[in-house]
There are 2 protein chains.
Amino acid sequence: MKDKWEKYLPIDGNCPVRSVLDRLGDKWSMLVIIVLGEEGTMRFNQLHHVIGDISQKMLTVTLKSLEADGLVTRKVFPEIPPRVEYTLTDRGMSLLPHVEALTKWALVHIDGIRASREKYMAS
Amino acid sequence: MKDKWEKYLPIDGNCPVRSVLDRLGDKWSMLVIIVLGEEGTMRFNQLHHVIGDISQKMLTVTLKSLEADGLVTRKVFPEIPPRVEYTLTDRGMSLLPHVEALTKWALVHIDGIRASREKYMAS
DNA sequence: CTGTATCCCTAGGGATACTG
DNA sequence: CAGTATCCCTAGGGATACAG
């Protein structure tokens, strides 16, 4: 018997809602995508400096997973000292407007949200 | 000296990118928003059944935080047995299209992403 | 410069039992 | 029905040191 709600369930791990959240819901992925989207190609240390409070480890991990998913390309220049440039792929670019829409929404609503939160705490 | 990158930094906790991720980046918030958005007002146990694999604790926690942020309203009917209905607020509704855009993006790209991921693993 | 390799620690979240 | 209240446990992620 089919369940009419199955589209919300993680059957076969195919729920699109969750697949996107597992990818972008971590601490840094969206931020890296936004920075690369707005600033264009960047080097590892440039990203590190721009984001500021990300650890080297997490920047590496985040870039690797974005690269694995084909959202970011990694280009190594065999120089000394080494240079590595990261760029958003077309797939990554296609995600950008949606992420930016979300951040714009946040900008518009953050004050109201904070106000709601305080009222809720007080009650 | 002003830093031209400060818009990406969490100065005063005001980075809009992060404020949205901290809110929606948890395991269940977006899913609850989508379900309430598509199905309309629902009772606690209805949500619990529809989502299926969320624990009672996490559903409570998630709904509370969404309520605190003014994304969801909680209406209690003083009956026995008790009935509680959850509905998306206007603010919650305004977020819905962006969340749905993200899930549509995921639907379109998930196959390609999975393919990229396998190629990456193999290399 | 661009990363690995460890160690470590907290907080998110699951399971279970209990309550009005 | 609609939640609390605990306990517990893992995985995300920070700090630090080292390497090509």
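For the structure, check the block above.
Residues numbered from 1 in each chain as written. Chains lettered and ligands numbered in written order. Predicted model: local features only at pLDDT ≥ 70, side-chain atom pairs only at ≥ 80, totals over all residues. Heavy atoms only, no water.

Caption draft 1: Highlighting the pairing of strand S3 (residues 83-88) of chain A. Residue and element names in this part refer to chain A. By the bridge criterion, two bridges tie strand S1 (residues 42-43) to S3 in an arrangement that is antiparallel. Residue methionine 42 lies in a different strand from S3, and its bridge partner there is tyrosine 86. Strand direction decides the pairing type here: strand S2 (residues 72-77) and S3, joined by six bridges, are antiparallel. Paired with threonine 73 across the strands is threonine 87, a residue of S3. (Pairing = 2+ DSSP bridges. Helix = DSSP H or I, 4+ residues; strand = E, 2+ residues; numbered from the N terminus.)

Caption draft 2: Unusual backbone geometry, seen in detail. With an omega of 0°, the peptide bond running from isoleucine 80 of chain A to proline 81 of chain A counts as cis. By secondary structure assignment, the location of proline 81 of chain A is in the loop between S2 and S3.

Caption draft 3: Spotlight on the pattern of salt bridges. Residue and element names in this part refer to chain A. This structure, assessed with the given rule, holds seven salt bridges over all chains. For arginine 83, the salt bridge is made with glutamate 85, and the minimal N-O distance between the two is 3.1 Å. Within this structure, Glu79, Arg83 and Glu85 form a network of salt bridges that share partners. (Salt bridge = Lys/Arg side-chain N within 4 Å of Asp/Glu carboxyl O.)

Caption draft 4: Inspection of the environment of serine 65 of chain B at higher detail. Residues and elements named next belong to chain B. Along the chain, the position of serine 65 falls in helix H4 (residues 56-68). Taking the C-alpha atoms as reference points, serine 65 and serine 29, separated by 36 residues in sequence, lie 8.6 Å from one another. Setting aside chain neighbours within four positions, we find serine 65 in contact with Arg23 and Ser29. (Contact = heavy atoms within 4.5 Å.)

Caption draft 5: Summary view of the packing of helix H2 (residues 29-39) of chain A against helix H5 (residues 90-122) of chain A. Residues and elements named next belong to chain A. One way to put it is that H2 packs onto H5 with a least axis distance of 10 Å and a crossing angle of 110°. Classified by the angle their axes make, H2 and H5 are roughly perpendicular. In this structure, H2 crosses over H5, and the sense of that crossing is left-handed. Where H2 approaches H5, its residues Met30, Ile33, Ile34, Gly37 and Glu38 are matched on the opposing element by Leu95, Leu96, Val99, Glu100, Leu102 and Thr103. The residue makeup of the contact of H2 with H5, split by class, is seven nonpolar, two polar and two charged. (Axes fitted to C-alpha atoms, helices over the stretch in contact; angles between N-to-C directions. Parallel < 35°, antiparallel > 145°, perpendicular 65-115°, else oblique. Left-handed = near helix turned anticlockwise from the far one by under 90°. Nonpolar A, V, L, I, M, F, W, Y, C, P; charged D, E, K, R; others polar.)

Geometry only, nothing functional implied.
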